[in-house]
Amino acid sequence: LLSGEGNIGDKDRESLFYQISFLYARENELDKGLFYIQKVVTLNPDNADALNFLGYVYAEKEQNLDEAESLVMRAIQIKPNNPLFSSKKPTARLCG
């Protein structure tokens, strides 16, 4: 099921991976959450929610900060009116 085998389609797999990553992040298991959110972005590079989430996970872990900023800004470009996305850089938001 998680490996791509079985009767689950890419959209369902994408949704499942997103939910798993969110649950791990909520439990402060960022490394495990990172693994699954990266899978979501691989399945759908235009998933604005996943791009935003991945950017903030990177920022929270203080790694790949340039990429974190780029991911969040790309998410905003895809969904400019999403009130959950901040136009502030993820690093500034965490530090300020």
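Participant: Is there a simple way to explain the overall build of the chain in this structure?
Facilitator: Along the chain, the regular secondary structure elements total five helices and zero strands. When the helices and strands of the chain are read in sequence order from the N terminus, they spell out α-α-α-α-α. Counting over 96 residues, the chain shows a buried share of 36%. Partitioning the intrachain contacts of the chain with sequence separation of at least 6 by distance along the chain shows that 41% fall at a separation of at least 24. Carbon and sulfur atoms make up 48% of the accessible area of the chain, which amounts to about 6,100 Å² in all.

Participant: Even after reading the chapter, I still don't get the confidence of the model for the chain, so can you show me in this structure?
Facilitator: In regions of low pLDDT, the predicted coordinates are not meant to be interpreted in detail. Within the chain, residue pLDDT values average 85, and 81% of them lie at 70 or more. The element-level mean pLDDT for the chain is lowest in helix α5 (residues 90-95), coming to 51, with helix α2 (residues 30-43) highest at 94.

Participant: Help me out: how do you make sense of the side chain of N52 in this one?
Facilitator: Among the structural elements, N52 can be located in helix α3 (residues 48-60). Of the residues examined, N52 reaches a relative accessible area of 11% and is grouped as buried. Filtering out sequence-adjacent residues up to four positions away, N52 remains in contact with L71, V72, A75, L84 and F85.

Participant: Sorry if this is basic, but what is going on with α2 here?
Facilitator: Residues that lie three or four places apart on an α-helix share one face, since the helix turns once every 3.6 residues. With 14 residues, α2 extends 20 Å from end C-alpha to end C-alpha; this agrees with the ideal 20 Å at 1.5 Å per step. Of the positions making up α2, those classed as buried are L30, G33, L34, Y36, I37, V40 and V41. At its buried positions, α2 is contacted by α1 (10-26) and α3.

Participant: Can you walk me through the environment of M73 in this structure?
Facilitator: Tracing the backbone through its elements, the reader meets M73 in helix α4 (residues 65-78). We classify M73 as partly exposed; its relative accessible area is 34%. With 21 residues separating them in the primary sequence, M73 and N52 have C-alpha atoms 8.0 Å apart.

Participant: Would you take a moment to explain the packing of α3 against α4 for this structure?
Facilitator: In a pair of packed helices, the angle between the axes and the distance between the axes together describe the arrangement. Packing of α3 against α4 brings their axes to within 8 Å, and their N-to-C directions diverge by 155°. Compared by their axis directions, α3 and α4 come out roughly antiparallel. Considering the relative orientation of α3 and α4, their crossing is left-handed. Where α3 abuts α4, its residues A48, L51, N52, L54, G55, Y56, Y58 and A59 lie against L65, E67, A68, L71, V72, R74, A75 and I78. Split by residue class, the contact of α3 with α4 holds 12 nonpolar, two polar and two charged.

Participant: Got a minute to help me understand the nonpolar core in this structure?
Facilitator: The nonpolar side chains of a soluble globular protein tend to be buried, and buried together. Within the largest apolar cluster, 22 residues are counted, with the highest numbers of intra-cluster contacts made by L34, I37, L54 and Y58. The set of elements that each furnish at least two residues to this core consists of α1, α2, α3 and α4. Ranked by the residues each element gives to this core, the list is headed by α3, at nine residues. Those residues in contact with L34, other than ones at most four positions away along the chain, are L54, V57, Y58, K61 and Q63.

Rules and cut-offs
Residues numbered from 1 in each chain as written. Predicted model: local features only at pLDDT ≥ 70, side-chain atom pairs only at ≥ 80, totals over all residues. Heavy atoms only, no water. Helix = DSSP H or I, 4+ residues; strand = E, 2+ residues; numbered from the N terminus. Buried < 20%, exposed > 50% of the residue type's maximum accessible area, 1.4 Å probe, protein only. Contact = heavy atoms within 4.5 Å. Areas by Shrake-Rupley, 256 points an atom, 1.4 Å probe, with all protein chains shown as cover. pLDDT = per-residue confidence, 0-100. Expected span 1.5 Å × (residues − 1). Axes fitted to C-alpha atoms, helices over the stretch in contact; angles between N-to-C directions. Parallel < 35°, antiparallel > 145°, perpendicular 65-115°, else oblique. Left-handed = near helix turned anticlockwise from the far one by under 90°. Nonpolar A, V, L, I, M, F, W, Y, C, P; charged D, E, K, R; others polar. Core = buried A, V, L, I, M, F, W, Y, C linked by side-chain atoms within 4.5 Å.

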